[in-house]
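Structure at a glance
Residues per chain, in single letters:
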Amino acid sequence: MPMPDALDPIDARITAWMARHGVTLTRLALGVVFLWFGAIKLVPGWSPAADLATRTITLLTFGVVPPAVSLPVLAAWESLIGLGLLSGCTESDAADINN
């Protein structure tokens, strides 16, 4: 179904806005998801994925890393990824810090 010509200017403005802000909005949304899922793994019984995560890590490490260690490490790692995405810190920013 073709779009009416009257909507072309609106479509162009929306498309331009999404081209400017789409990557930032995606980064922020992904940051919220990572931070949220990491944070709820820190609270016992809150994460429906905690059992799956600990069983998977135990299997992949051949039992070397126990669930009591793997879950808090995974939660912290996910939370840090989320904070990094939300803060907008990029590799180039990190490289500037080291110099």
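Residues numbered from 1 in each chain as written. Predicted model: local features only at pLDDT ≥ 70, side-chain atom pairs only at ≥ 80, totals over all residues. Heavy atoms only, no water.

**Remarks on helix α1 (residues 8-41)**
- Under the 1.5 Å per step criterion, the end-to-end length of α1 is 46 Å for 34 residues, consistent within 8% with the ideal 50 Å.
- Its axis deflected by about 55° at His 21, α1 carries its strongest bend there.
- Regarding α1, the residues found buried are Gly 22, Gly 31, Gly 38, Ile 40 and Lys 41.
- Looking at the packing, one finds that the buried side of α1 touches α2 (50-60) and α3 (67-87). (Helix = DSSP H or I, 4+ residues; strand = E, 2+ residues; numbered from the N terminus. Expected span 1.5 Å × (residues − 1). Bend = angle between axes of the 7 residues up to and from the residue. Buried < 20%, exposed > 50% of the residue type's maximum accessible area, 1.4 Å probe, protein only. Contact = heavy atoms within 4.5 Å.)

**Quick word on the pattern of salt bridges**
- Considering all chains together, one arrives at two salt bridges under this definition.
- In this structure, the salt-bridge partner of Lys 41 is Glu 78, at a minimum N-O distance of 3.0 Å. Of this pair, Lys 41 sits in helix α1 while Glu 78 sits in helix α3, and the two are 37 residues apart along the sequence.
- Using a relative accessible area of 8% as the deciding quantity, one classes Lys 41 as buried.
- For Asp 51, the salt bridge identified is with Arg 55, shortest N-O distance 3.0 Å. With Asp 51 and Arg 55 both in helix α2, this residue pair falls four residues apart, about one helical turn.
- By relative accessible area, which is 52% here, Arg 55 ends up exposed. (Salt bridge = Lys/Arg side-chain N within 4 Å of Asp/Glu carboxyl O.)

**Concerning the packing of α2 against α3**
- One can describe the packing of α2 onto α3 by two numbers: an axis separation of 9 Å at closest approach and a directional angle of 115°. In this structure, the crossing between α2 and α3 has a hand that is right-handed. Between α2, through Ala 50, Ala 53, Thr 54, Ile 57 and Thr 58, and α3, the contact on the second element is made entirely by Pro 67, Ser 70, Leu 71 and Leu 74.
- Its residues placed into classes, the contact of α2 with α3 shows six nonpolar, three polar and no charged. (Axes fitted to C-alpha atoms, helices over the stretch in contact; angles between N-to-C directions. Left-handed = near helix turned anticlockwise from the far one by under 90°. Nonpolar A, V, L, I, M, F, W, Y, C, P; charged D, E, K, R; others polar.)

**Topic: the environment of Ile 40**
- As for its placement among the helices and strands, Ile 40 is situated in helix α1.
- Discounting chain neighbours no more than four positions away, the residues touching Ile 40 are Trp 46, Ser 47 and Pro 48.

**A look at α3**
- For α3, which comprises 21 residues, the first-to-last C-alpha distance of 30 Å matches the rise-based estimate of 30 Å (1.5 Å per residue) to within 8%.
- Taken together, the buried positions of α3 are occupied by Ser 70, Leu 71, Ala 75, Glu 78, Ser 79 and Gly 82. Buried residues of α3, seen end-on, are gathered within an arc of 155° and therefore sit on one face of the element. Among the exposed residues of α3, those oriented more than 90 degrees off its buried face are Val 73, Trp 77, Leu 80 and Ser 87.
- As for α3, its buried residues are in contact with α1 and α2. (Arc of directions from axis to C-beta.)

Fair warning: the whole summary comes from geometry, so function is off the table for now.
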